[in-house]
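Residue-level listing of the chains:
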Amino acid sequence: MDSLGYFMPELILSVLFILVFVTDLIFGKTSGRICRSISIGGLLVVIYKVLWQLVLLSNSKGGAAYLFGEMLQLRRTEVFFKLIIDVLAIIILLYVPWDKALRAHFKGLADLYSIIIASVLGLHIMVMAVNLLSIYVSIEMVSIASYLMVAYRSDTPVTTEAGMKYVLFGAVSSAIMLYGISLLYGFSGSLDINDATFIHNLSIANPVSVSLAIVLVMVGIGFKLSFVPMHFWVPDVYQGAATPITAYLSTLPKIAAFGLFINFLTPFISYGTWSAFDFRLFLSVIGIITMIVGNLAAIWQTNIKRLLAYSSIGHTGFALMALATFSQQGVSAILFYLLVYAVANVGALMLTSYFVNKIGAHDLDSYKGVGLRYPLPSVCFVIILISLAGLPISAGFNAKVMVFSSVYQIYDINHNIWLLALMITGAATTVISLFYYIKIPLYLFLKRNEHHAEDQLLTHQYLLISICLISLFVLIAGIFPQFFNIPIN
Amino acid sequence: MNILTLLIFSPILFGLIILMLPAGYRNIFRYLTLFATLLQLGISIWLYLNFKTGAAYAGVANEGQYQFVEKLHWIGLNLGGMGRMQIDYFVGVDGISIILLLMSSVVMVIAALSSWEINKNHKGYFALFLLLDVAITGVFCSLDFFLFYIFYELMLLPLYFLIGIWGGVRREYAAIKFFLYTLFGSVFMLLVMVGLYFSVKDPATGNHTFNMVQMMNPANYDSGSIFGILSHRLLFGIPARTVGFIVLFIAFAIKVPVVPFHTWLPDAHVEAPTPVSIILAGVLLKVGGYGIIRICLGIFPEVALNGAFWIGLLGVVSILYGALNALAQRDLKRLIAFSSVSHMGFVLLGIASNTAEGMSGAMMQMVSHGFLSSMLFYLVGVIYIRVHDRDIYSFRGLGTMLPKYTVFIMIAFFASLGLPGFSAFIAEAFSLIGAFNSKTIPVWMAVCGSVGILLSATYFLWTLQRMFFGDTRLKGGDAWKLALTDLGKREILALVPLALLTLALGIMPSLVFDKINDSVLALIQFIQVK
């Protein structure tokens, strides 16, 4: 029963899910506003409880707790991952009804809120999962919630196609992952990845077959992280889904998948004589390819959401770089990087929504000359893009420096050539990324447009205010990053 | 409050005021910006007058000898297991930076004066202008590498918009090219910066540090660290310190610009509005030269000494290639842009000579070119704003039509081609004396440098002959004749100080040399010892 004490946030999330769900049933179509308030209020309680876990952990021995027979693991790292997820979930919950397309949905948005809450529960478990079973179940929980969200607005062929693609691709990759998990179980005879026998048995099994099993599991994780070559679904789905859903997809599951990945890697790295599968090589190669493919492909995009989709692939590659260090400061850098990336990316998508709401602009071309008519959101767009590109003074720059520092420190110790290659690729792709990031200010400010699109009367002061707040955060975290620096130990 | 901090950040205050005022107050924006730059000039002059000279104030590799220092803890990032990342807000000046600070303050005032021609989006323009001003001043004052890098990168974005929104026909292309070129250099500089950070420890605290002055002391490097002098680490089969030097050198060489990396400059200059051209040529190029002296030479002195031949070669190539290109140009602004490439080559030549004369010449050339290129671009802007044409062959016999204008053109041209009595003569003469006396570069380089002066005389005089002598004939006919009015009061007000300054420096070079001498000597000694 000890475990329940550490499981409070998740219990509250479960209750919250039922509460939102029932409210929706009782009040029917008009319940959107109430459900949203309940969800946000509930999440605030969850955040409080998650913070409380820090206190609980400092009292427990070793700073770690294992729940439900080693199914879940809770350390400071997991707590911070959960915090980031919850904060972003609140931002996305706020953001959902500000999108014109979603708000016009005939079913109302109450269902969507309950799905988001359920997915946050899945994300929490995903971050903590250290058992092959809990890993699989949590990933499926998040996947199913995501399928529903992507297909939530299926009024046009594009969105239907996006939903369908996502479900098919997701189902296949989770099946492949399950196959890999069953192989791992077969080789090791254990589901608990922290179990000593799990790694020991794997290390004495045939390395080729073990590598195959691990690669199969990577397919499942890669689908969530959207690294190359598991990224094919990303552009279509990000473009087809409603923009707040894109904001959700491009941030939350990705963050949780990094948390899961870290936990999955830990036993292999800490096991001294592990040689069957070179994770560092794997991560480096995948990271380099992901950075190059994501950033290069983004250059040719004209649709803003598609452009941001490819840029988010590039960011995954960059974060993988820090993961390849297998070190505390690498994890610390990942946390900061993901937080900054996620906030900026949500901000960029909010701006996409804003311009769609205002002037129906989906493409770069329709951004022509808009900057001079809407100076405030356009300047915010520039600030947010600077952060995504990683130029000073912005949070993204500090995040980039932190990632580089963490990689460099490990490189300095082991002189692994792959880490150097990662750093150089990271620097080179930063320049490449500027090619497309700068396109948006280019169209906003530099290009002239004689015939303006008609303004829509629809105004969202809240959307603009939150965009400004995000830009402000990006700047403040750029000048004083220590306020947002997360001490792991 | 520290005087340097005030100098750096005072424009931000005016920028915020401009942003808060309604967009209609154009004139107020102009005067506020002018006032901000004049205030900066005032502070710089005060700094210049109160700058102490003497061997005890040489600066360079000696932290205690910097003046007007302010050092605050700024960013302390927890890096998990490996301690904290400590970044200081650390500003200070020595002889090398004080003189460039003063020069850039003067140029910014001139740029502000020439901003009167800006005719759209005043609010955005002046806000960006002041942001750029902050970044430029910050670069010359920073002694912390991280801070330096932030100011260095901060220059890019305002410039991108200033060229891109207020520029000429091909402004988008020019702005992006400029941005990407510079970013390409600086991103890799970031990697070297991180590497240096983890190589250097502050002896006082035992922590890693971004402090540039500490990076100059070989004793502060960890044994076995990548950039440690004694650790002899290799990167791609080349000594790591050489790689670090090359990366930093390329980053700054793009800014200078040195010849293989110069192609952004003609485009950016041609498309930029006059005030931005003035800032680009007057100040931005010097950031490159300053970076080479302060960072490349300061942190990797032994590599610089060994590579002096290549630095000198690049300098000579820039001098000749820039001059020959200038000869071939029809567009007056392009001609001046290439003459900048040529003249900045002398900076490299002087640096490569590793002599006190050469280094002083390089510094003098930066100051002198700052004033002269501002003057030249201002003068081109004067014609362009009147008839929107810059083709040399569209004009003939302007001398009789625009007498005042021609006087200033003659001063600027003759000063630039190195006529004795003007600053450029002193600068080029010292660079060449240094090159002739140098033990690190061969004599033929000095000879080629002299040929460069000859070439610059050719293109300037030929342009003078084509555009200003003979009967008045204009491509635009009578319409142009009406449009081409002689200099107005504001224009004369901007040009007179520049003309006087270059004359003053030509007659009394001690105005510069007195301030930089100790630092230059200290720098030369510092390099030779290693």
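Before reading further, recall that the structure is shown in the block above.
What counts, and at which threshold
- Residues numbered from 1 in each chain as written.
- Chains lettered and ligands numbered in written order.
- Predicted model: local features only at pLDDT ≥ 70, side-chain atom pairs only at ≥ 80, totals over all residues.
- Helix = DSSP H or I, 4+ residues; strand = E, 2+ residues; numbered from the N terminus.
- Rg over C-alpha atoms; globule rule 2.2 N^0.38 Å.
- Buried ≥ 20, exposed ≤ 12 C-beta atoms within 10 Å, placed from the backbone.
- Core = buried A, V, L, I, M, F, W, Y, C linked by C-beta atoms within 7 Å.
- Contact = placed C-beta atoms within 7 Å.
- Axes fitted to C-alpha atoms, helices over the stretch in contact; angles between N-to-C directions.
- Parallel < 35°, antiparallel > 145°, perpendicular 65-115°, else oblique.
- Left-handed = near helix turned anticlockwise from the far one by under 90°.
- Nonpolar A, V, L, I, M, F, W, Y, C, P; charged D, E, K, R; others polar.
- Expected span 1.5 Å × (residues − 1).

K.L.:
Mind showing me how you'd approach the overall build of chain B here?
P.N.:
Within chain B, the regular secondary structure consists of 22 helices and 6 strands. Its C-alpha atoms give chain B a radius of gyration of 22 Å, near enough to 24 Å, the size a compact globule of 530 residues would have. Viewed in the frame of its principal axes, chain B has a C-alpha envelope of about 75 × 60 × 45 Å. Classification of the 530 residues of chain B by burial places 61% in the buried group.

K.L.:
Which parts of the structure should I look at to understand the nonpolar core?
P.N.:
Buried together is how nonpolar side chains tend to be arranged in soluble globular proteins. Counting residues in hydrophobic clusters, the biggest one holds 386 residues, and the most contacted among them are Ile92, Tyr337, Leu338, Ile384 and Val407 of chain A together with Cys296 and Met363 of chain B. When residues of this core are assigned to their parent elements, the largest contribution, 20 residues, is made by helix H15 (residues 328-359) of chain A. Other than its neighbours up to four places away in sequence, Ile92 of chain A contacts Ile116, Pro244, Ala247, Tyr248 and Val346 of chain A.

K.L.:
Just checking my understanding: could you explain the packing of helix H17 (residues 403-416) of chain B against helix H19 (residues 443-468) of chain B for this structure?
P.N.:
The geometry of a pair of packed helices is captured by two quantities: the angle between their axes and the separation between those axes. Residues and elements named next belong to chain B. Between H17 and H19, the shortest axis-to-axis distance is 9 Å and the interhelical angle comes to 165°. Comparing their axes, H19 and H17 come out roughly antiparallel. As for the relative orientation of H17 and H19, their crossing is left-handed in sense. Of H19, the residues touching H17 (which contributes Thr406, Ile409, Phe413 and Ser416) are Ser456, Phe460, Leu464 and Phe468.

K.L.:
What should I look at first to understand the environment of Val316 of chain B in this one?
P.N.:
All names here are of chain B. With respect to the helices and strands, Val316 occurs in helix H13 (residues 308-328). A residue is classified by how many C-beta atoms lie within 10 Å of it, and Val316, with 26 of them, is buried. Along the primary structure Val316 and Leu348 are separated by 32 residues, whereas in three dimensions their C-alpha atoms are 8.1 Å apart. With near-sequence residues (within four places) excluded, Val316 lies in contact with Gly345, Leu349, Met445, Cys448 and Gly449.

K.L.:
Please clarify how the environment of Asp155 of chain A should be interpreted in this entry.
P.N.:
Residue and element names in this part refer to chain A. Here Asp155 shows up in the loop between helix H7 (132-150) and helix H8 (157-188). Asp155 sits in the exposed class, given 11 other C-beta atoms within 10 Å. A C-alpha to C-alpha distance of 31 Å links Asp155 and His124, two positions 31 residues apart in sequence.

K.L.:
How should I be thinking about the interface of chain A and chain B in this particular structure?
P.N.:
Many authors give the size of an interface as the accessible area that is lost as the parts come together. At the junction of the two partners, chain A supplies 33 residues and chain B supplies 35 residues. At the level of elements, H15, helix H18 (395-414), helix H19 (417-437) and helix H20 (439-446) of chain A are the ones that each hand at least two residues to the side of chain A that touches chain B. It is H18 of chain A that contributes the most residues to the side of chain A that touches chain B, 7 residues altogether. For the side of chain A that touches chain B, the per-class residue count stands at 22 nonpolar, 10 polar and 1 charged.

K.L.:
Would you mind showing me how to read the environment of Val55 of chain A here?
P.N.:
By secondary structure assignment, the location of Val55 of chain A is in helix H3 (residues 32-59). Each C-alpha atom of the pair Val55 of chain A and Arg76 of chain A lies 10.0 Å from the other, and the pair is 21 residues apart in sequence.

K.L.:
Before we go on, may I ask you to explain helix H10 (residues 207-225) of chain A in this structure?
P.N.:
Residues that lie three or four places apart on an α-helix share one face, since the helix turns once every 3.6 residues. All names here are of chain A. With 19 residues, H10 should reach 27 Å at 1.5 Å per residue; the first-to-last C-alpha distance of 25 Å fits that figure. For H10, the complete set of buried residues consists of Val210, Ala213, Leu216, Val217, Met218, Gly220, Ile221, Gly222, Phe223, Lys224 and Leu225. Residues of H10 that are buried in the fold lie against H7, H8, helix H9 (196-204), helix H12 (243-270) and helix H14 (304-323). One or two positions beyond H10, positive phi appears at Ser226, with a value near 60°.

Bear in mind that shape data such as this cannot, by itself, settle questions of function.
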